[in-house]
Amino acid sequence: MDFVGFPSIEGFHYVVKNGDYNKPVYNYRGKIKLHGTNAGVRLKDNEIAAQSRSQIITTTSDNAGFARWVDANKAYFASLQLANHTIFGEWCGKGIMKGTALNQLPNKIFAVFAVQIGVGDDALMVVNPEKIEQLLGVLPADMYVLHWCCDSFTVDFVKRVNMQETADALSKFVEVIEPVDPWVKSTFGVEGICEGAVYYPSDSEPIKRVVFEHFAFKAKGEKHAVIKTREIVQIAPEVAASIDGFVSMFVTEARLEQGLAAIGGDADMKNTGAFLKWFGQDVVKESVAELEAAGLTWEQVQKDVQSTARNWFKEKATAI
(Lines give C-alpha, C1' and ligand atoms only; values in the text may rest on other atoms or scores of the structure.)
Protein backbone atom coordinates (compact mmCIF):
# COMPACT_ATOMS: atom_id res chain seq x y z
CA MET A 1 0.00 0.00 0.00
CA ASP A 2 1.40 3.44 -0.92
CA PHE A 3 1.58 6.08 1.81
CA VAL A 4 -0.22 9.40 1.22
CA GLY A 5 0.73 12.06 3.74
CA PHE A 6 -1.35 15.06 4.72
CA PRO A 7 0.07 18.37 3.44
CA SER A 8 2.11 20.42 5.88
CA ILE A 9 0.19 23.52 6.98
CA GLU A 10 2.10 26.63 8.05
CA GLY A 11 1.15 30.12 9.21
CA PHE A 12 -0.54 32.88 7.24
CA HIS A 13 2.71 34.67 6.41
CA TYR A 14 3.97 31.56 4.58
CA VAL A 15 0.93 31.74 2.31
CA VAL A 16 1.43 35.48 1.80
CA LYS A 17 5.02 34.89 0.70
CA ASN A 18 4.84 31.58 -1.15
CA GLY A 19 1.38 31.36 -2.69
CA ASP A 20 0.85 31.17 -6.46
CA TYR A 21 -1.23 34.22 -7.22
CA ASN A 22 -2.46 33.41 -10.73
CA LYS A 23 -5.73 33.45 -8.84
CA PRO A 24 -5.21 36.16 -6.18
CA VAL A 25 -8.57 35.98 -4.38
CA TYR A 26 -9.66 32.98 -2.33
CA ASN A 27 -12.68 32.22 -0.20
CA TYR A 28 -11.75 30.69 3.16
CA ARG A 29 -13.47 28.92 5.98
CA GLY A 30 -12.07 27.54 9.22
CA LYS A 31 -12.22 24.46 11.40
CA ILE A 32 -11.01 24.03 14.96
CA LYS A 33 -7.40 22.81 15.16
CA LEU A 34 -7.55 19.69 17.28
CA HIS A 35 -4.70 18.87 19.65
CA GLY A 36 -3.84 15.25 18.92
CA THR A 37 -1.85 13.30 16.35
CA ASN A 38 -2.38 13.40 12.59
CA ALA A 39 -3.89 10.18 11.28
CA GLY A 40 -5.25 8.76 8.07
CA VAL A 41 -7.00 5.76 6.59
CA ARG A 42 -5.72 4.77 3.16
CA LEU A 43 -8.26 2.97 0.94
CA LYS A 44 -7.09 1.56 -2.38
CA ASP A 45 -8.22 -1.42 -4.47
CA ASN A 46 -10.04 -3.10 -1.57
CA GLU A 47 -7.04 -2.65 0.73
CA ILE A 48 -7.17 -0.71 3.99
CA ALA A 49 -4.20 0.78 5.82
CA ALA A 50 -3.81 3.05 8.84
CA GLN A 51 -1.39 5.96 8.66
CA SER A 52 0.42 8.29 11.03
CA ARG A 53 1.66 11.64 9.73
CA SER A 54 4.77 10.04 8.25
CA GLN A 55 4.11 6.37 7.46
CA ILE A 56 1.84 3.37 7.21
CA ILE A 57 1.29 1.91 10.68
CA THR A 58 0.09 -1.49 11.88
CA THR A 59 -1.26 -3.05 15.05
CA THR A 60 2.30 -4.16 15.89
CA SER A 61 3.87 -0.81 14.99
CA ASP A 62 1.13 1.56 16.08
CA ASN A 63 0.62 5.25 16.85
CA ALA A 64 -1.38 5.75 20.05
CA GLY A 65 -3.66 2.82 19.17
CA PHE A 66 -4.95 4.25 15.88
CA ALA A 67 -4.04 1.19 13.80
CA ARG A 68 -5.85 -1.04 16.30
CA TRP A 69 -8.93 1.17 16.01
CA VAL A 70 -8.83 1.02 12.19
CA ASP A 71 -8.42 -2.74 12.32
CA ALA A 72 -11.45 -3.04 14.62
CA ASN A 73 -13.49 -1.02 12.08
CA LYS A 74 -12.29 -2.69 8.86
CA ALA A 75 -15.79 -3.79 7.93
CA TYR A 76 -16.98 -0.18 7.94
CA PHE A 77 -14.08 1.10 5.83
CA ALA A 78 -14.48 -1.80 3.37
CA SER A 79 -18.17 -0.99 3.00
CA LEU A 80 -17.35 2.51 1.72
CA GLN A 81 -15.99 1.01 -1.53
CA LEU A 82 -13.76 4.03 -2.16
CA ALA A 83 -11.29 3.08 -4.88
CA ASN A 84 -8.38 5.44 -4.20
CA HIS A 85 -9.15 7.69 -1.24
CA THR A 86 -7.34 8.80 1.92
CA ILE A 87 -9.39 9.88 4.93
CA PHE A 88 -7.47 12.44 6.98
CA GLY A 89 -8.25 13.43 10.53
CA GLU A 90 -6.97 13.89 14.06
CA TRP A 91 -6.63 10.93 16.41
CA CYS A 92 -7.16 12.61 19.74
CA GLY A 93 -8.58 12.33 23.22
CA LYS A 94 -7.57 10.52 26.39
CA GLY A 95 -3.84 9.89 26.61
CA ILE A 96 -2.92 11.79 23.43
CA MET A 97 -1.18 15.14 24.03
CA LYS A 98 -2.40 17.30 26.91
CA GLY A 99 -3.65 20.71 27.85
CA THR A 100 -6.87 21.07 25.84
CA ALA A 101 -10.55 20.24 26.16
CA LEU A 102 -10.06 17.16 23.98
CA ASN A 103 -7.70 15.57 26.49
CA GLN A 104 -10.54 15.47 29.01
CA LEU A 105 -12.54 13.02 26.89
CA PRO A 106 -12.84 9.53 28.42
CA ASN A 107 -11.77 7.83 25.19
CA LYS A 108 -9.97 8.41 21.90
CA ILE A 109 -11.78 9.70 18.81
CA PHE A 110 -11.02 10.07 15.09
CA ALA A 111 -12.17 13.50 13.87
CA VAL A 112 -12.13 13.72 10.06
CA PHE A 113 -11.31 17.07 8.44
CA ALA A 114 -10.54 16.11 4.82
CA VAL A 115 -10.76 13.31 2.28
CA GLN A 116 -8.29 13.11 -0.59
CA ILE A 117 -9.37 11.53 -3.88
CA GLY A 118 -6.46 10.17 -5.91
CA VAL A 119 -2.75 10.93 -5.45
CA GLY A 120 -0.30 13.62 -6.55
CA ASP A 121 -0.73 17.36 -7.05
CA ASP A 122 -3.88 16.89 -9.10
CA ALA A 123 -5.58 14.82 -6.41
CA LEU A 124 -8.74 16.44 -5.07
CA MET A 125 -9.20 17.48 -1.45
CA VAL A 126 -12.76 17.32 -0.14
CA VAL A 127 -12.98 19.65 2.87
CA ASN A 128 -16.65 20.61 3.03
CA PRO A 129 -18.15 18.73 6.03
CA GLU A 130 -21.42 17.91 4.26
CA LYS A 131 -19.59 16.42 1.28
CA ILE A 132 -17.35 14.43 3.61
CA GLU A 133 -20.42 13.07 5.40
CA GLN A 134 -21.87 12.02 2.04
CA LEU A 135 -18.70 10.06 1.27
CA LEU A 136 -18.45 8.42 4.69
CA GLY A 137 -22.09 7.56 5.42
CA VAL A 138 -23.05 6.28 8.86
CA LEU A 139 -19.96 6.56 11.04
CA PRO A 140 -18.74 3.94 13.51
CA ALA A 141 -18.37 4.71 17.20
CA ASP A 142 -15.70 7.28 18.06
CA MET A 143 -15.54 8.71 14.52
CA TYR A 144 -16.71 12.25 13.77
CA VAL A 145 -16.66 14.77 10.93
CA LEU A 146 -15.25 18.12 11.99
CA HIS A 147 -17.53 21.00 11.00
CA TRP A 148 -16.83 24.64 10.18
CA CYS A 149 -16.20 26.92 13.14
CA CYS A 150 -16.69 30.27 11.42
CA ASP A 151 -18.34 31.99 8.48
CA SER A 152 -16.56 32.24 5.14
CA PHE A 153 -14.31 35.19 4.36
CA THR A 154 -12.29 36.37 1.36
CA VAL A 155 -8.55 37.07 1.16
CA ASP A 156 -7.09 39.15 -1.66
CA PHE A 157 -3.39 38.34 -1.82
CA VAL A 158 -2.49 41.40 -3.88
CA LYS A 159 -4.02 43.88 -1.42
CA ARG A 160 -1.86 44.30 1.68
CA VAL A 161 -4.58 46.19 3.54
CA ASN A 162 -6.99 43.29 3.04
CA MET A 163 -4.39 40.79 4.24
CA GLN A 164 -3.64 42.82 7.37
CA GLU A 165 -7.33 43.25 8.16
CA THR A 166 -7.73 39.48 7.75
CA ALA A 167 -4.79 38.77 10.04
CA ASP A 168 -6.14 41.11 12.72
CA ALA A 169 -9.63 39.58 12.57
CA LEU A 170 -8.34 36.02 12.74
CA SER A 171 -6.06 36.82 15.67
CA LYS A 172 -9.07 38.16 17.58
CA PHE A 173 -11.14 35.10 16.64
CA VAL A 174 -8.52 32.70 18.00
CA GLU A 175 -8.30 34.74 21.20
CA VAL A 176 -12.08 34.35 21.59
CA ILE A 177 -12.18 30.57 21.05
CA GLU A 178 -8.98 29.67 22.91
CA PRO A 179 -10.51 29.62 26.43
CA VAL A 180 -13.31 27.18 25.45
CA ASP A 181 -13.14 24.89 22.42
CA PRO A 182 -16.53 25.41 20.72
CA TRP A 183 -16.54 22.08 18.84
CA VAL A 184 -15.67 19.98 21.88
CA LYS A 185 -18.22 21.84 24.01
CA SER A 186 -21.06 21.47 21.49
CA THR A 187 -20.22 17.84 20.63
CA PHE A 188 -19.25 16.38 24.01
CA GLY A 189 -20.37 18.94 26.58
CA VAL A 190 -16.79 19.37 27.80
CA GLU A 191 -15.24 22.78 28.42
CA GLY A 192 -11.54 23.45 28.06
CA ILE A 193 -8.84 25.19 26.08
CA CYS A 194 -8.86 25.24 22.27
CA GLU A 195 -5.59 24.93 20.32
CA GLY A 196 -6.59 27.25 17.47
CA ALA A 197 -7.98 27.02 13.94
CA VAL A 198 -7.05 25.82 10.45
CA TYR A 199 -8.27 27.78 7.44
CA TYR A 200 -9.14 26.04 4.19
CA PRO A 201 -9.05 27.83 0.77
CA SER A 202 -12.50 26.60 -0.21
CA ASP A 203 -15.82 26.14 1.51
CA SER A 204 -17.71 24.24 -1.15
CA GLU A 205 -16.09 22.43 -4.09
CA PRO A 206 -13.19 19.96 -3.86
CA ILE A 207 -9.87 21.64 -4.56
CA LYS A 208 -6.62 20.35 -6.03
CA ARG A 209 -4.12 19.18 -3.44
CA VAL A 210 -1.47 21.58 -4.78
CA VAL A 211 -3.81 24.53 -4.15
CA PHE A 212 -4.55 23.26 -0.65
CA GLU A 213 -0.82 22.98 0.07
CA HIS A 214 -0.13 26.53 -1.08
CA PHE A 215 -3.06 28.29 0.55
CA ALA A 216 -4.26 26.47 3.69
CA PHE A 217 -2.88 27.95 6.92
CA LYS A 218 -3.14 27.54 10.68
CA ALA A 219 -3.43 29.88 13.65
CA LYS A 220 -2.65 28.65 17.17
CA GLY A 221 -3.59 30.32 20.41
CA GLU A 222 -0.88 31.67 22.70
CA LYS A 223 -0.81 28.59 24.94
CA HIS A 224 -0.15 26.20 22.04
CA ALA A 225 1.89 28.36 19.67
CA VAL A 226 5.11 26.65 18.62
CA ILE A 227 6.55 30.01 17.53
CA LYS A 228 6.52 33.04 19.82
CA THR A 229 5.15 35.98 17.88
CA ARG A 230 3.71 39.39 18.71
CA GLU A 231 0.41 38.54 17.02
CA ILE A 232 -1.32 35.18 16.52
CA VAL A 233 -1.75 35.74 12.77
CA GLN A 234 0.86 37.77 10.88
CA ILE A 235 1.38 38.71 7.22
CA ALA A 236 5.18 38.80 7.64
CA PRO A 237 7.55 36.58 9.63
CA GLU A 238 8.74 37.59 13.07
CA VAL A 239 12.30 38.96 12.97
CA ALA A 240 14.69 37.59 15.58
CA ALA A 241 17.28 40.14 16.73
CA SER A 242 19.89 37.49 17.55
CA ILE A 243 20.56 33.77 17.73
CA ASP A 244 19.27 33.78 21.31
CA GLY A 245 16.14 35.52 20.07
CA PHE A 246 15.65 32.86 17.40
CA VAL A 247 16.05 30.07 19.96
CA SER A 248 13.51 31.72 22.26
CA MET A 249 11.13 32.06 19.33
CA PHE A 250 11.29 28.42 18.18
CA VAL A 251 12.24 26.33 21.23
CA THR A 252 8.87 26.74 22.90
CA GLU A 253 7.18 24.54 25.47
CA ALA A 254 4.48 23.67 22.95
CA ARG A 255 7.01 22.48 20.33
CA LEU A 256 9.02 20.57 22.94
CA GLU A 257 5.91 18.76 24.16
CA GLN A 258 4.92 18.09 20.55
CA GLY A 259 8.33 16.53 19.93
CA LEU A 260 8.02 14.33 23.01
CA ALA A 261 4.63 13.11 21.83
CA ALA A 262 6.02 12.46 18.34
CA ILE A 263 8.53 9.93 19.70
CA GLY A 264 5.91 8.15 21.77
CA GLY A 265 5.85 10.29 24.92
CA ASP A 266 8.66 8.42 26.69
CA ALA A 267 11.19 10.89 28.16
CA ASP A 268 13.92 8.28 28.56
CA MET A 269 17.53 9.34 27.92
CA LYS A 270 17.85 6.50 25.40
CA ASN A 271 15.34 8.40 23.25
CA THR A 272 17.35 11.63 23.23
CA GLY A 273 18.64 11.06 19.69
CA ALA A 274 15.17 10.43 18.27
CA PHE A 275 13.79 13.48 20.07
CA LEU A 276 16.54 15.81 18.83
CA LYS A 277 16.26 14.48 15.29
CA TRP A 278 12.51 15.19 15.21
CA PHE A 279 12.96 18.57 16.88
CA GLY A 280 15.68 19.73 14.49
CA GLN A 281 13.73 18.63 11.43
CA ASP A 282 10.61 20.40 12.68
CA VAL A 283 12.40 23.70 13.31
CA VAL A 284 14.18 23.53 9.93
CA LYS A 285 10.84 22.96 8.19
CA GLU A 286 9.05 25.83 9.93
CA SER A 287 11.77 28.46 10.23
CA VAL A 288 12.74 29.16 6.62
CA ALA A 289 11.05 32.56 6.48
CA GLU A 290 12.17 33.59 9.97
CA LEU A 291 15.81 32.67 9.31
CA GLU A 292 15.77 34.64 6.08
CA ALA A 293 14.15 37.66 7.77
CA ALA A 294 16.79 37.61 10.53
CA GLY A 295 19.71 37.13 8.13
CA LEU A 296 20.62 33.85 9.81
CA THR A 297 21.26 30.30 8.60
CA TRP A 298 20.31 26.98 10.17
CA GLU A 299 24.01 26.21 10.63
CA GLN A 300 24.36 29.32 12.80
CA VAL A 301 21.46 28.50 15.11
CA GLN A 302 21.48 24.69 15.09
CA LYS A 303 23.85 24.19 18.02
CA ASP A 304 21.91 26.50 20.34
CA VAL A 305 18.53 25.10 19.28
CA GLN A 306 19.62 21.51 19.85
CA SER A 307 21.39 22.32 23.14
CA THR A 308 18.30 24.02 24.57
CA ALA A 309 16.06 21.17 23.44
CA ARG A 310 18.49 18.59 24.85
CA ASN A 311 18.54 20.28 28.26
CA TRP A 312 14.73 20.32 28.36
CA PHE A 313 14.56 16.62 27.48
CA LYS A 314 17.18 15.75 30.10
CA GLU A 315 15.17 17.55 32.78
CA LYS A 316 12.06 15.62 31.72
CA ALA A 317 13.93 12.33 31.82
CA THR A 318 15.49 12.88 35.25
CA ALA A 319 12.20 14.05 36.73
CA ILE A 320 10.55 10.69 36.02
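Up top is the structure these notes are about.
Residues numbered from 1 in each chain as written. Predicted model: local features only at pLDDT ≥ 70, side-chain atom pairs only at ≥ 80, totals over all residues. Heavy atoms only, no water.

Peer 1: Break down the overall build of the protein for me, with residues and values.
Peer 2: Looking only at helices and strands, one finds 12 helices and 12 strands in the protein. On C-alpha atoms alone, the protein measures out to a radius of gyration of 19 Å, which is about the 20 Å that the 2.2 N^0.38 rule sets for 320 residues. With respect to the three principal axes, the spread of C-alpha positions in the protein is 55 × 50 × 40 Å. For the protein, the residues scored as buried account for 51% of the 320 residues in total. Once local pairs closer than 6 in sequence are excluded, the contacts in the protein between residues at least 24 apart make up 72%. In the form shown here, the protein has an accessible surface area of approximately 14,800 Å², with 49% of it arising from carbon and sulfur atoms. For the protein, the distance from the average position of its 33 positive side-chain charges to the average position of its 40 negative side-chain charges is 3 Å. (Helix = DSSP H or I, 4+ residues; strand = E, 2+ residues; numbered from the N terminus. Rg over C-alpha atoms; globule rule 2.2 N^0.38 Å. Buried < 20%, exposed > 50% of the residue type's maximum accessible area, 1.4 Å probe, protein only. Contact = heavy atoms within 4.5 Å. Areas by Shrake-Rupley, 256 points an atom, 1.4 Å probe, with all protein chains shown as cover. Lys, Arg positive; Asp, Glu negative; His and termini not counted. Charge placed at Lys NZ, Arg CZ, Asp CG, Glu CD.)

Peer 1: If you had to explain the layout of surface pockets to someone new, which residues and values would you point to?
Peer 2: Estimated volume of the second largest pocket: approximately 550 Å³. Lining the second largest pocket we find 30 residues, and of these Lys220, Ala225, Ile227, Thr229 and Ile232 sit closest to its centre. Of all the secondary structure elements, the ones that give two or more residues to the lining of the second largest pocket are helix H1 (12-18), helix H5 (160-177) and strand S12 (217-220). Taken together, the residues that form the lining of the second largest pocket break down as 10 nonpolar, eight polar and 12 charged. (1 Å grid on protein atoms, 1.4 Å probe; cavity = no way out; pocket = protein on both sides within 12 Å on 5 of 7 lines; lining within 4 Å. Points joined across faces, edges and corners; volume = space filled by probe spheres on them. Nonpolar A, V, L, I, M, F, W, Y, C, P; charged D, E, K, R; others polar.)

Peer 1: Which residues make up the nonpolar core, and what values do they have?
Peer 2: Ranked by size, the top nonpolar core spans 49 residues in total, and within it Phe12, Tyr28, Phe157, Trp183, Tyr199 and Phe212 carry the most contacts. Sort the elements by how many residues they give to this core and H5 lands first, with five residues. Counting 25 residues, the second largest nonpolar core, distinct from the first, contains Ala39, Tyr76, Trp91 and Phe110. (Core = buried A, V, L, I, M, F, W, Y, C linked by side-chain atoms within 4.5 Å.)

Peer 1: Give me the lowdown on the pattern of salt bridges, citing residues and values where you can.
Peer 2: Per the counting criterion, the structure on display carries 18 salt bridges. Between Lys44 and Asp2 there is a salt bridge, with its nearest N and O atoms 3.7 Å apart. Of this pair, Lys44 sits in strand S2 (residues 37-44) while Asp2 sits in the segment before H1; the two residues are 42 residues apart in sequence, bridging distant segments of the chain. A relative accessible area of 27% means that Lys44 is categorised as partly exposed. Classification of Asp2 by relative accessible area gives partly exposed; the value is 28%. Each of Lys218, Arg255, Asp282, Lys285 and Glu286 takes part in salt bridges that share partners, so that together they form one network. (Salt bridge = Lys/Arg side-chain N within 4 Å of Asp/Glu carboxyl O.)

Peer 1: Break down the packing of helix H9 (residues 253-262) against helix H12 (residues 298-319) for me, citing the residues and quoting the values.
Peer 2: Where H9 contacts H12, the two axes come as close as 11 Å, and the packing angle between them is 65°. H9 and H12 meet at a crossing whose hand is right-handed. The segment H9 lies against H12, with Glu253, Leu256, Glu257 and Leu260 engaging Ala309, Trp312, Phe313 and Lys316. When grouped by side-chain class, the residues that make up the contact of H9 with H12 number five nonpolar, no polar and three charged. (Axes fitted to C-alpha atoms, helices over the stretch in contact; angles between N-to-C directions. Left-handed = near helix turned anticlockwise from the far one by under 90°.)

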